Each structure stands twice: as C-alpha cells, then as structure tokens.
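Structural description and commentary
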Amino acid sequence: ISNYLVGFVYKHWSDIQEFKKTSQLSEIPVLSFKEKQGPRMHFLVIGESLSRLHMGLYDYRRETNPLLKKEMDASDNFVVFKNSFSNHITTMQTLSFALTEANQYNGKNYVDSFNIIDIANKVGMKTIWLSNQGSLGKWENHVSVLAQSAGEHIFINQNDKTDFVPNKYDEELIKPFKNILKKNK
C-alpha cells in the first residue's frame, strides 16, 4: 500500500470525523413537518455537471429537454430558476456550498454549517443519498462527507476518479432509484 493511498484514506476518514464532531444537528431549532396529505416523497435531483447554456429550458437554440418542458407546461409546481449560478467551479466545493449554509461570502466552513440532510433528518424525514459520485475519491471527499448524514447512502460508482474515467454512467441510477421507490411506497 502506497503512502499516498494511506494518506488519502486517512484524510477522508478525518474529514468525516471532523464533520461528525462539529455537526450542528443539536443546534437546529425544534422543527416539525406536518403531513397534509399523508406520506409523500420529495426528491432533490442535482445535475452538477449540466450547463444551462445547452438547455432548451434556458432558451438554447435546440430543444434539448422536451420531457422537462412538457412537465413544466403541465404543472403549476414546476419551478425554473432563470438567474441562478454556481457558487464555484468544482463539484466538491459547489455542493459543499449548495447543500450547507456555507457560501463564498460568509466564510463559514461547510463542516461547521447546517446542511440540508441534517435539517431533513431533524424533521423526521427519511433521507437517502443516491449518487453516481464515488464515496471516496480525490474529488469526492466533501460531498461524500455530507452524504454520510443521510439515513441511507448508495454510491453506484466506486471509481476513485483519479483517471477521470467513470465506470458507471448516470442512467445506471435508474434501477436503484426504482428500487427505492418500490421499497418506500
């Protein structure tokens, strides 16, 4: 085992330990989640490498998302944010900011911040993290540390991403997603 690999694994482990140690969950005010129409499922889908510059929903010259457009036209509950921008250029930093109260302006560290998973857990929601990102890798540490907060986490891509060649593609998320739906009816 190389010193690089040992150091890398230790860094990931220590990030998780620091996150657990500084977790703000106990400081989240008492919250309640009232079910108005019985149990419901909510999904947060993050397509972090997608650019709005190539999406028909954002006036790209070709219709690249006809199913989303159809859904948007048929539903009053569909929201398109026209003036939203990424807060960073890398996945790890972007999601660390997007999923916590930390951002590029307030100087907070993501491990010292409330995050969306902890808040959902606090109100009694069942949380499941399904991802094509690796659970451990040169580019995933912050994201996988956040994922550890979920009640269940499923990482389908176990590549360490050091060679930038994924061993699974996003469409392979459909099968575990369907299993989650079936299991949680």
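What counts, and where the lines are drawn
- Residues numbered from 1 in each chain as written.
- Predicted model: local features only at pLDDT ≥ 70, side-chain atom pairs only at ≥ 80, totals over all residues.
- Heavy atoms only, no water.
- Helix = DSSP H or I, 4+ residues; strand = E, 2+ residues; numbered from the N terminus.
- Buried < 20%, exposed > 50% of the residue type's maximum accessible area, 1.4 Å probe, protein only.
- Contact = heavy atoms within 4.5 Å.
- Areas by Shrake-Rupley, 256 points an atom, 1.4 Å probe, with all protein chains shown as cover.
- Salt bridge = Lys/Arg side-chain N within 4 Å of Asp/Glu carboxyl O.
- Core = buried A, V, L, I, M, F, W, Y, C linked by side-chain atoms within 4.5 Å.
- pLDDT = per-residue confidence, 0-100.
- Patch = residues over 30% accessible without salt bridge, like charges linked within 9 Å, V, L, I, M, F, W, Y side chains within 5 Å.

Broken down by element type, the protein chain carries six helices and two strands. Expressed as a percentage of the 185 residues in the protein chain, the buried residues total 30%. Nonlocal contacts in the protein chain, meaning residues at least 24 apart in sequence, comprise 57% of its contacts between residues at least 6 apart. Within the structure as shown, the protein chain displays about 13,100 Å² of accessible surface, and the carbon and sulfur contribution to it stands at 57%.

Opposite charge on two side chains permits them to pair, given that their charged atoms come into close proximity. Scanning all chains against the criterion turns up three salt bridges. As a salt-bridge pair, Lys 69 and Asp 73 come within 3.4 Å of each other at their nearest N and O atoms. Here Lys 69 pairs with Asp 73, and both are found in helix α2 (residues 66-74), just four residues apart, close to one helical turn. On the accessibility criterion, Asp 73 (55% relative accessible area) is exposed. Its salt-bridge partner being Glu 152, residue Lys 183 comes within 3.4 Å of it at the nearest N-O pair. Of this pair, Lys 183 sits in helix α6 (residues 174-183) while Glu 152 sits in strand β2 (residues 152-155), and the two are 31 residues apart along the sequence.

Counting 14 residues, the largest nonpolar core has Leu 99, Tyr 110 and Trp 129 as the members making the most contacts within it. Counting residues per element, the ones that place at least two in this core are α3 (91-98) and α5 (141-147). With four residues, the single largest contributor to this core is α5. Once residues lying within four places of it in the same chain are set aside, the contact partners of Trp 129 are Leu 99, Ile 117, Val 143, Ala 147, Ala 150, Glu 152, His 153, Ile 154 and Phe 155.

Low-confidence regions, as indicated by low pLDDT, have predicted coordinates that should not be scrutinised in detail. Per-residue confidence for the protein chain gives a mean pLDDT of 76, with 68% of residues at or over 70. Mean pLDDT in the protein chain bottoms out at helix α1 (residues 3-21), which sits at 59, and peaks at α6, which reaches 91.

With that out of the way, let us pick up unusual backbone geometry. For residues other than glycine, phi is negative in most cases, and the peptide bonds are mostly trans. Residues other than glycine seldom take positive phi values, yet Asp 59 does so here, at roughly 70°. By secondary structure assignment, the location of Asp 59 is in the loop between α1 and α2. Look at Asp 59 and you get exposed, because its relative accessible area is 66%.

Turning to the environment of Tyr 169, a few remarks are in order. Within the secondary structure, Tyr 169 sits in the loop between β2 and α6. Classification of Tyr 169 as partly exposed rests on a relative accessible area of 48%. Tyr 169 sits twelve residues away from Asn 157 along the chain, and the two C-alpha atoms are 8.2 Å apart. For Tyr 169, the residues in contact, after removing those within four places along its chain, are Asn 132 and Ile 156.

With respect to the element layout, Asp 112 can be found in the loop between α3 and α4 (116-122). For Asp 112, a relative accessible area of 37% puts it in the partly exposed group. Taking C-alpha positions, Asp 112 is 8.2 Å from Ala 102, a pair spaced ten residues apart along the chain.

A word on a nonpolar patch on the surface. A cluster of nonpolar residues, Met 41, Phe 43, Val 45 and Phe 177, forms a patch on the protein surface that exposes about 400 Å² of accessible area. Take Met 41: it is sitting in the loop between α1 and α2. Owing to a relative accessible area of 36%, Met 41 belongs among the partly exposed residues under this scheme.

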